[in-house]
Amino acid sequence: MKKLTLAGIAMATVVATGCASQQNGDAMDTADDAMDTATDAQNTADGAQSSADSAQTRADEAYDLAQEALERAKNAEQSAEEANERARRMLDRATGKE
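Now for a look at the structure at hand. Note that this is a predicted model, so its numbers are computed, not measured.

Some details on the overall build of the protein
Of regular secondary structure, the protein possesses one helix and zero strands. By the burial criterion, 1% of the 98 residues in the protein qualify as buried. If you sum the accessible surface of the protein, you get close to 8400 Å²; carbon and sulfur atoms cover 58% of it.

Structural notes on the pattern of salt bridges
One pass over the full model with this rule turns up three salt bridges. We note a salt bridge from R88 to E85, for which the minimum N-O separation is 2.3 Å. Within this pair, R88 and its partner E85 are both found in helix 1 (residues 2-95), separated by three residues, close to a single helical turn. Here the salt bridges do not stand alone but share partners, grouping E85, R88, R89 and D92 into one network.

Thoughts on the side chain of D92
The residue D92 is located in helix 1 in this model. Judged by relative accessible area, which is 18%, D92 ranks as buried. Reaching out from D92, the side chain makes a polar contact with the side chain of R88 at a distance of 2.7 Å.

Focus: a negative patch on the surface
Taken together, D26, D29, D32, D33, D36 and D40 make up a surface patch of like negative charges. With respect to the secondary-structure elements, D29 resides in helix 1.

Cut-offs used in this document
- Residues numbered from 1 in each chain as written.
- Predicted model: local features only at pLDDT ≥ 70, side-chain atom pairs only at ≥ 80, totals over all residues.
- Heavy atoms only, no water.
- Helix = DSSP H or I, 4+ residues; strand = E, 2+ residues; numbered from the N terminus.
- Buried < 20%, exposed > 50% of the residue type's maximum accessible area, 1.4 Å probe, protein only.
- Areas by Shrake-Rupley, 256 points an atom, 1.4 Å probe, with all protein chains shown as cover.
- Salt bridge = Lys/Arg side-chain N within 4 Å of Asp/Glu carboxyl O.
- Polar contact = N/O pair within 3.5 Å; in protein donor to acceptor, adjacent residues only side chain to side chain.
- Patch = residues over 30% accessible without salt bridge, like charges linked within 9 Å, V, L, I, M, F, W, Y side chains within 5 Å.
- Lys, Arg positive; Asp, Glu negative; His and termini not counted.
- Charge placed at Lys NZ, Arg CZ, Asp CG, Glu CD.

These figures capture arrangement, not role.
Shown next, in the form of structure tokens:
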């Protein structure tokens, strides 16, 4: 009877060890899957950051171009005002109003 009880305890220990090993293996698989998912998320985030950086660079360049265009427009407006003033003076001289 003692031998049967000892054999039963030994069998239960082997089964329990096997179950624990299986659970440990499942936990490792789950951890590996989580790590893969985290790596994929990091790669996605890195790609998004790179895209955002590129978009910011293009936006900065567009802003600089717009500032240059505004400055040129102001200069053109000033030149037009000066030309209008010269034309008005010439017209005034031509009509004898000066």
